[in-house]
Amino acid sequence: MNQMTNQETDTALILEGELKRRVKEVVERVVVNMVGKIIHEELNKYKSEMMLEVAVSVGKMLRVVEQEGRKPLWENAEISAITKD
């Protein structure tokens, strides 16, 4: 069998350690990027859901205001006059 010299063994161990370090760095970068991407996607999904909920709620409130024969606040002349002052 081929025996490695002490210097060859040391070199192999150093190279192995360096390879492990570099692989770890790459894996960490990939994980951070993927987690960031997933978080971004989830936030966009929740933002879309919240916007839909707000739109539905505003629509319901406007329907109630209309059914009661009232005008929305932004169409109310008295409120407009107060805000202009």
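Residues numbered from 1 in each chain as written. Predicted model: local features only at pLDDT ≥ 70, side-chain atom pairs only at ≥ 80, totals over all residues. Heavy atoms only, no water.

**Describing the overall build of the protein chain**
Point 1. A tally of regular secondary structure across the protein chain gives two helices and zero strands.
Point 2. Looking at the 85 residues of the protein chain, the share that counts as buried comes to 2%.
Point 3. Summed over its atoms, the accessible surface of the protein chain is roughly 8,300 Å², and 62% of this surface lies on carbon and sulfur atoms. (Helix = DSSP H or I, 4+ residues; strand = E, 2+ residues; numbered from the N terminus. Buried < 20%, exposed > 50% of the residue type's maximum accessible area, 1.4 Å probe, protein only. Areas by Shrake-Rupley, 256 points an atom, 1.4 Å probe, with all protein chains shown as cover.)

**A short note on the pattern of salt bridges**
Point 1. Applying the stated criterion to the full structure yields six salt bridges.
Point 2. E42 serves as the salt-bridge partner of K45, at 3.5 Å between the closest nitrogen and oxygen. Of this pair, K45 and E42 both sit in helix α1 (residues 6–67), separated by three residues, roughly a single helical turn.
Point 3. For R70, the salt bridge is made with E68, and the minimal N-O distance between the two is 2.7 Å.
Point 4. Among the residues examined, R70 registers a relative accessible area of 49% and is labelled partly exposed.
Point 5. Ionic contacts of the salt-bridge type, sharing partners, join the residues E18, R21, R22 and E25 into one network. (Salt bridge = Lys/Arg side-chain N within 4 Å of Asp/Glu carboxyl O.)

**Details of a nonpolar patch on the surface**
Point 1. A contiguous nonpolar surface patch, about 620 Å² in accessible area, is contributed by L19, V23, V27, V31, V35, I39 and L43.
Point 2. Looking at the element boundaries, I39 is found in helix α1. (Patch = residues over 30% accessible without salt bridge, like charges linked within 9 Å, V, L, I, M, F, W, Y side chains within 5 Å.)

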